Amino acid sequence: MTTDSAHRSVSDNLASKDPKHIDIPKNLPILPLRNTVAFPHAVLPLSVGIPRSVKLIEEAMRGDRIIGLVSMKDPSVQEPNPDQVYETGTVARIERVMRASDNSLQVVIQGLSRFKVDYWLGDSPYLIARVRQTPDVHTRDVESDALQRTVRELAMEVIKLAPDLPNDAGDFLNHVKDPRYLVYLIAGNLRLKVAEGQQILEADTIKEKMRTLITLLSREKEVLSLGHKIQTEARGEMDKAQREYYLRQQLKAIQKELGEESQEASEADEYREKLEKANLPEEAAREAERELKRFSAMNPHAPEHSVIKTYMDWLLDLPWHEASEDCTDIGHARAILDEDHYDLTDVKERLIEYLAVRNLIQERRARKPEAAPEGLACPADADGIGYASDAPAPRGSEGALGDADRRKPSGKKRPRVGKTPDAAGVILCFAGPPGVGKTSLGQSIARALGREFTRMSLGGMRDEAEIRGHRRTYIGAMPGRIIQAIKRAGTRNPVFMLDEVDKIGSDWRGDPSSALLEVLDPSQNHAFRDHYLDVDFDLSQVMFITTANHLETIPAPLRDRMEVIQLDGYTEYEKVRIAQQHLVPRQVAANGLRDDEISFTEEAVRKIVQDYTREAGVRNLERQIGAVCRKSAVRIVSNALRTATITPELVRTYLKKEKFESELSEAIETPGIATGLAVTSTGGEILFIEATRMKGKGGLTLTGQLGDVMRESAHIALSYVRSKSTSLGVDPEIFGASDIHLHVPAGAIPKDGPSAGVAMVMATAGLFSGKPVRGDVGMTGEVTLRGRVLPVGGIKMKVLAGHRAGLRTIILPRRNEKDLDDLPQEVRDSMRFVLVDRIDEALHVALRPADEAEPAEPVPAVVNG
């Protein structure tokens, strides 16, 4: 039979089943369908097992075989009531019935036409309803033809995309001309939900049915298209993977024939051997094993291959257990510190305290701890493990867990409390101006302890990832600089210097100072987690040392975690001693000279200090000494001389004209000039305050890049002098007839702060009283409108600056008397200190009559004003 004849046979068969040729009874037995919608003209196989449905089929087979089919609203109901089924269904004829072995019936039915239930006649022994036929309404017009064509085209596209439909089904659709048959044929073979199929069945017109069907076909087309795209992509990936697998197998076979070992296998075996020897902590070992399994099964040319390899290298190269043994000989440590640095008593004493505590801990760890009362949590030692006694127990002893025991814990859990820092958890912060030896002091501490030294500069750092590292999801990810420095040091307990902690920045990439909170907190850094490693690393044994020039710029939470040790500037005497003991020998060796070829007299060193350097530290001093050594080396190489003795005259010849003279104190003959004291980032300095007046209307002009606080001090000084004009012997009318100009030299440098208040009062008072301020007197302190002198900071650096400048008397707030204890003894012996509570007490010390000469020598003493 040809295809056309087959199609005509189907159409004839459908026509023979037309309900017009079959007598449909008005009272129909109703068979509920679960998860299925029966359509007219559709052939539907059913499996009937419910007893009342079986009885319905048996009785229908003895009659005219005509039944009604309706869909159930809830498929979970076994025997639905009339209100649990739809009332629009399909009249069907039973074509064939077969009984299965389980006594259920396999039924084939043929859909005939639609019907609607008028009312229900009963539900026993099965559902019976009074029905009426509802033929589909169809109007043949242009819209109907367009809808029919659209339905057919969409159905053809769905057939092409559907894997379970034969391609010749599309040819069959082309021969179906009746739109009713077309709609029901497509709806019966489309995977529709019950509600969607029921919507088509209940529509009264063919146009409405076709519109609904177009929507459903369009959605099905999109779903099938997307599924086809996904399958195509997946198949392509599978084909590529299979091709690579076959090529790898062939490559292995070729290497085996040539006797060459697989590089991939050898690398995996090498890493596995390293992992067994590394004895990593439990978490790190687990992560390494997981990555090694991926590495072993991965193509060497895959992008992830090198990423895993780099990660494994980092894990295996870190010093998880390697630690330097501390040198606990206090005498040896003190000798090394004295050898490397002059003075710095506070720092040296703090380190000696640290060593003493370490010795005490190690000594008492040998004692066996007593048993702790049941239910009582024990204090924690450096590893966070509780012990019964006040002294920590030794690793490996009863009550303690060594490294090996920690990786394999026993079944009995000991009470664990928060980690408490021991002596190893010290965080020191060296604060002071540049060049005072903060960084080199960290190297000396490492040498005294016998530890490795590593350093990281924090200046200008703005990215949090610099501390914690990048996650491995980023291309080119690396651990943070903390972990990198630990790897370079090669031990887990180095001396770690964090330079310039006060110069950390922050932007959209994060705040590194916040990341440092964990690093510098002894109660947290035992489980520091780098983003790249993603495993805990113990930093509790690291001795962190930070350096800073200004404590004010360090965030308060970060500053709170550090023990601050202030390193102020050196006196001239100290600089000369440092140069003789450290700087000169170092520069002699650095420039290829021998000790017997060059020597510096003390006067030559003092001239370099006084005339060629002006700093709180000794960095520029060493630079100038190096310049002298280089000049001498040139003359020695050219045979101009055999040995060189550096004298002040030779210093002048080598270094040319003197660079610094402006800061020296000078005799002040003109009223209106006072010598103040200030603190800068490079240490202390003297500051001249100049005031002059001219005819005017009482105006005040301030110059010299003064900040708001300093400008306010100038206004307070003028107001105070005006209020005390009578006691100063000044005509009050002169203030209203004069304009005042107050200037602070070095106008290119911004200045601020309240400590110049005393100097501004003296300059203003001297200007109007006609009495000059003594040129050998320096002063500092904040002044109030009532004339009180309030304490200020930086006393040591200010006094040292005055000492360098040749001042003989210093006026200080009385409440700063305690700060004099920080001064070197030679400074205290060579200067006079006047302590005042009120500005009136300082006036008779600072001002002198115009005809009185400057005093020849100071009287060293602390004077109460």
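The structure displayed is predicted, hence computed values, not measured ones.

Cut-offs used in this document
Residues numbered from 1 in each chain as written. Predicted model: local features only at pLDDT ≥ 70, side-chain atom pairs only at ≥ 80, totals over all residues. Heavy atoms only, no water. Pairing = 2+ DSSP bridges. Helix = DSSP H or I, 4+ residues; strand = E, 2+ residues; numbered from the N terminus. Axes fitted to C-alpha atoms, helices over the stretch in contact; angles between N-to-C directions. Contact = heavy atoms within 4.5 Å. Polar contact = N/O pair within 3.5 Å; in protein donor to acceptor, adjacent residues only side chain to side chain. Core = buried A, V, L, I, M, F, W, Y, C linked by side-chain atoms within 4.5 Å. Buried < 20%, exposed > 50% of the residue type's maximum accessible area, 1.4 Å probe, protein only. Salt bridge = Lys/Arg side-chain N within 4 Å of Asp/Glu carboxyl O. Parallel < 35°, antiparallel > 145°, perpendicular 65-115°, else oblique. Left-handed = near helix turned anticlockwise from the far one by under 90°. Nonpolar A, V, L, I, M, F, W, Y, C, P; charged D, E, K, R; others polar. Patch = residues over 30% accessible without salt bridge, like charges linked within 9 Å, V, L, I, M, F, W, Y side chains within 5 Å. Areas by Shrake-Rupley, 256 points an atom, 1.4 Å probe, with all protein chains shown as cover. Lys, Arg positive; Asp, Glu negative; His and termini not counted. Charge placed at Lys NZ, Arg CZ, Asp CG, Glu CD. Phe/Tyr/Trp six-rings, centres within 6.5 Å; stacked < 30°, edge-to-face > 60°. Lys NZ or Arg CZ within 6 Å of the ring centre and 35° of its normal. pLDDT = per-residue confidence, 0-100.

**Considerations on the sheet that holds strand β9 (residues 495–499)**
For step 1, the next point in the chain: With parallel pairing, five strands are arranged side by side in an open sheet as β8-β9-β12-β7-β13. The two strands at the open ends of the sheet, each matched to only one other strand, are β8 (453–457) and β13 (563–566). The mean inter-strand angle of the sheet, taken between neighbouring strand axes irrespective of direction, is 20 degrees.
For step 2, the next point in the chain: Here helix α12 (residues 345–364) sits on the sheet and contacts β7 (427–431), β12 (543–548) and β13; the angle it forms with β13, its principal contact strand, is near 145 degrees.
For step 3, the next point in the chain: Helix-sheet contacts for helix α16 (residues 481–489) involve β8 and β9, and the interaxial angle to β8 is about 155 degrees.

**A short note on the side chain of serine 755**
For step 1, the next point in the chain: Relative to the helices and strands, serine 755 resides in the loop between β19 (738–743) and α25 (757–769).
For step 2, the next point in the chain: At a separation of 3.3 Å, a polar atom in the side chain of serine 755 contacts the side chain of lysine 798.
For step 3, the next point in the chain: Once you skip the residues sitting within four places of it in the chain, serine 755 turns out to touch Leu677, Thr780, Gly781, Glu782, Val792 and Lys798.

**Focus: the environment of glycine 707**
For step 1, the next point in the chain: Mapping glycine 707 onto the fold places it in the loop between β18 (700–703) and α23 (708–723).
For step 2, the next point in the chain: It is 5.9 Å that separates the C-alpha atoms of glycine 707 and lysine 751, two residues lying 44 residues apart in sequence.
For step 3, the next point in the chain: Beyond its immediate stretch of four places on either side in the chain, glycine 707 contacts Lys751 and Asp752.

**As for unusual backbone geometry**
For step 1, the next point in the chain: For the peptide bond that leads from serine 124 to proline 125, omega is 5 degrees, which places it in the cis range.
For step 2, the next point in the chain: Mapped onto the elements, proline 125 comes out in the loop between β5 (105–122) and β6 (127–133).
For step 3, the next point in the chain: A positive phi angle, close to 65 degrees, is found at arginine 65, a residue other than glycine.
For step 4, the next point in the chain: With respect to the element layout, arginine 65 can be found in the loop between α2 (51–61) and β3 (66–71).
For step 5, the next point in the chain: Despite not being glycine, asparagine 103 has its phi angle at roughly 70 degrees, a positive value.
For step 6, the next point in the chain: Within the secondary structure, asparagine 103 is located in the loop between β4 (88–99) and β5.

**Digging into the nonpolar core**
In summary, soluble globular proteins display a tendency toward joint burial of nonpolar side chains.
For step 1, the next point in the chain: By size, the foremost hydrophobic cluster in this structure holds 54 residues, and its most contacted members are Phe430, Ile445, Met543, Phe600, Ile608, Ile625 and Ile646.
For step 2, the next point in the chain: Looking at this core, the element that brings in the most residues is helix α21 (residues 619–637), giving seven residues.
For step 3, the next point in the chain: Not counting chain neighbours up to four residues away, the residues in contact with isoleucine 608 comprise Phe600, Thr613, Leu621, Gln624, Ile625, Val628, Val651 and Leu655.

**Some words on the pattern of salt bridges**
For step 1, the next point in the chain: Throughout the structure, instances matching the rule amount to 52 salt bridges.
For step 2, the next point in the chain: A salt bridge links glutamate 291 to arginine 472; the shortest N-O distance between them is 3.4 Å. Of this pair, glutamate 291 sits in helix α9 (residues 282–296) while arginine 472 sits in the loop between α15 (465–468) and α16, placing them 181 residues apart in sequence.
For step 3, the next point in the chain: Of the residues examined, glutamate 291 reaches a relative accessible area of 1% and is grouped as buried.

**A few points about the pairing of β9**
For step 1, the next point in the chain: For β9, the tally of buried residues reaches five of five residues, placing the bulk of the element in the interior.
For step 2, the next point in the chain: Examined bridge by bridge, β8 and β9 share five bridges and lie parallel to one another. When the sheet's bridge partners are listed, threonine 454 is paired in β9 with phenylalanine 496.
For step 3, the next point in the chain: In this structure, β9 lies alongside β12, joined through four bridges in parallel fashion. Along β12, the bridge assignment pairs methionine 497 with isoleucine 545.

**Let's talk about the pairing of strand β1 (residues 27–33)**
For step 1, the next point in the chain: With respect to burial, β1 is a largely interior element, six of its seven residues being buried.
For step 2, the next point in the chain: Pairing analysis gives four bridges linking β1 to β6, with the strands arranged antiparallel. In the sheet register, asparagine 27 faces β6, and the bridge partner there is arginine 130.
For step 3, the next point in the chain: Taken together, the four bridges between β1 and β3 define a ladder with parallel strand orientation. In the strand pairing of β3, leucine 33 is matched with serine 71.

**Some words on the packing of helix α11 (residues 330–340) against α12**
For step 1, the next point in the chain: At their nearest, the axes of α11 and α12 sit 10 Å apart, and the two run at 160 degrees to each other. Here α11 is positioned roughly antiparallel relative to α12, judged by the angle of their axes. Of the two possible hands of crossing, α11 and α12 adopt the one that is right-handed. Contact residues: Ile330, Ala333, Arg334, Leu337 and Asp338 in α11; Lys348, Glu349, Leu351, Ile352, Leu355, Ala356 and Asn359 in α12.
For step 2, the next point in the chain: Split by residue class, the contact of α11 with α12 holds seven nonpolar, one polar and four charged.

**Structural notes on a positive patch on the surface**
For step 1, the next point in the chain: A grouping of Arg786, Arg788, Arg815, Lys818 and Arg838 is seen on the molecular surface, where their side chains present a positively charged patch.
For step 2, the next point in the chain: Tracing the chain through its elements places lysine 818 in the loop between β23 (809–813) and α27 (825–830).
For step 3, the next point in the chain: A relative accessible area of 56% places lysine 818 in the exposed class.

**Here's the deal with the packing of aromatic side chains**
For step 1, the next point in the chain: By the definition in use, this model includes six aromatic pairs.
For step 2, the next point in the chain: Between the aromatic rings of phenylalanine 735 and phenylalanine 768, the centroid separation amounts to 4.4 Å while the plane-to-plane angle is 35 degrees, which identifies the pairing as tilted. Here phenylalanine 735, found in helix α24 (residues 733–736), pairs with phenylalanine 768, found in helix α25; they are 33 residues apart in sequence, far enough to count as distant.
For step 3, the next point in the chain: The ring of tyrosine 311 carries the charged tip of arginine 472 above its face, separated from the ring centre by 3.8 Å.

**Structural notes on the confidence of the model for the chain**
For step 1, the next point in the chain: The share of residues in the chain with pLDDT of 70 or more is 85%, and the mean pLDDT across the chain is 82.
For step 2, the next point in the chain: Counting contacts from residues 1–17, a segment whose pLDDT is below 50, to residues more than four positions away or on other chains yields 15 contacts.
For step 3, the next point in the chain: Per-residue pLDDT stays below 50 along residues 856–860; that stretch engages in seven contacts with residues further than four places along the chain or on separate chains.

**Remarks on the environment of tyrosine 342**
For step 1, the next point in the chain: Mapped onto the secondary structure, tyrosine 342 falls in the loop between α11 and α12.
For step 2, the next point in the chain: Tyrosine 342 sits in the partly exposed class, given a relative accessible area of 21%.
For step 3, the next point in the chain: In this structure, the C-alpha to C-alpha distance between tyrosine 342 and glycine 437, residues 95 residues apart in sequence, is 9.7 Å.

**Here's the deal with the packing of helix α20 (residues 602–611) against helix α22 (residues 648–655)**
For step 1, the next point in the chain: Contact geometry for α20 and α22: axes closest at 8 Å, N-to-C directions at 40 degrees. Judged on the interaxial angle alone, α22 and α20 are oblique. Here Glu603, Ala604, Lys607 and Ile608 of α20 lie close against α22, whose contacting residues are Pro648, Val651, Arg652 and Leu655.
For step 2, the next point in the chain: Its residues assigned to classes, the contact of α20 with α22 comprises five nonpolar, no polar and three charged.

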